[in-house]
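# Coordinates in review
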Amino acid sequence: MAFYYRLVRYVEQMVRPPDRYTFKKYYIMHLPKGIFDYLLSKEVTAEHSKMESILHHARRAEEGIDQTVTWYDTRCTMRAERFTQRTESIPRYMN
């Protein structure tokens, strides 16, 4: 959304703003790859989708990516804790 609002602000300052299609195309083409791929999988394109639909799907993709990152971080933390617990329980023999 921050990227969208930044583009809108720039367009408002232009002497001759781009048409809606050009704006949508630029927005979609400059999204992060994960969000771009999600839009394509949902058949969201600049030619056939309204800006509201594009924003809706981009937000859903971003939320999904954030949830995946949170889940992955939690999973890695849990694995690290289990590994630490296992290594602490192994007796250390003196040479």
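Residues numbered from 1 in each chain as written. Predicted model: local features only at pLDDT ≥ 70, side-chain atom pairs only at ≥ 80, totals over all residues. Heavy atoms only, no water.

Before going further, it helps to examine the nonpolar core. With 16 residues, the main nonpolar core has Tyr27, Met51 and Ile54 as its most contacted residues. Going through the elements one at a time, helix H1 (2–13), helix H2 (20–29), helix H3 (33–41) and helix H4 (51–89) are the ones with two or more residues in this core. The element contributing the most residues to this core is H4, with five residues. Once residues lying within four places of it in the same chain are set aside, the contact partners of tyrosine 27 are Phe3, Tyr4, Leu7, Met51, Ile54, Leu55 and Ala58. (Core = buried A, V, L, I, M, F, W, Y, C linked by side-chain atoms within 4.5 Å. Buried < 20%, exposed > 50% of the residue type's maximum accessible area, 1.4 Å probe, protein only. Helix = DSSP H or I, 4+ residues; strand = E, 2+ residues; numbered from the N terminus. Contact = heavy atoms within 4.5 Å.)

Under the definition given, this model contains four aromatic pairs. A ring pair is formed by tyrosine 4 and phenylalanine 23, whose centres lie 5.9 Å apart and whose planes are at 75°; its orientation type is edge-to-face. In this pair, tyrosine 4 is assigned in helix H1 and phenylalanine 23 in helix H2, connecting sequence segments 19 residues apart. Ring centres of tyrosine 4 and tyrosine 27 lie 6.0 Å apart, and the angle between their planes is 85°; this geometry places the pair in the edge-to-face category. Taken as a pair, tyrosine 4 in helix H1 and tyrosine 27 in helix H2 lie far apart in primary sequence, 23 residues in all. You can call tyrosine 4 buried: its relative accessible area is 17%. (Phe/Tyr/Trp six-rings, centres within 6.5 Å; stacked < 30°, edge-to-face > 60°.)

Residues separated by three or four positions in an α-helix point in the same direction, a consequence of the helix having 3.6 residues per turn. Listed in full, the buried residues belonging to H2 are Phe23, Lys24, Tyr27 and Ile28. Viewed end-on, H2 has its buried residues packed into an arc of 125°, placing them on one side of the element. (Arc of directions from axis to C-beta.)

So, on to the side chain of histidine 57. Assignment of secondary structure puts histidine 57 in helix H4. Dropping the residues within four chain positions of it, histidine 57 is found in contact with Tyr38, Leu39, Lys42 and Val44.

To continue, consider the confidence of the model for the protein chain. In the predicted model, the protein chain carries a mean pLDDT of 84, and the fraction of residues at 70 or more is 81%. Across the protein chain, the secondary-structure element scoring lowest on mean pLDDT is H4, at 77, and the one scoring highest is H2, at 95. (pLDDT = per-residue confidence, 0-100.)

Right, let's talk about unusual backbone geometry for a bit. A positive phi is found at glutamate 43, a non-glycine position, where the angle reads about 60°. Relative to the assigned elements, glutamate 43 resides in the loop between H3 and H4.

Before going further, it helps to examine the packing of H1 against H2. Contact geometry of H1 with H2 gives a least axis separation of 11 Å together with a crossing angle of 140°. As H1 packs across H2, the resulting crossing turns out to be right-handed. Of H2, the residues touching H1 (which contributes Phe3, Tyr4, Leu7, Val8 and Val11) are Phe23, Tyr26 and Tyr27. Looking at the contact of H1 with H2, its residues break down into eight nonpolar, no polar and no charged. (Axes fitted to C-alpha atoms, helices over the stretch in contact; angles between N-to-C directions. Left-handed = near helix turned anticlockwise from the far one by under 90°. Nonpolar A, V, L, I, M, F, W, Y, C, P; charged D, E, K, R; others polar.)

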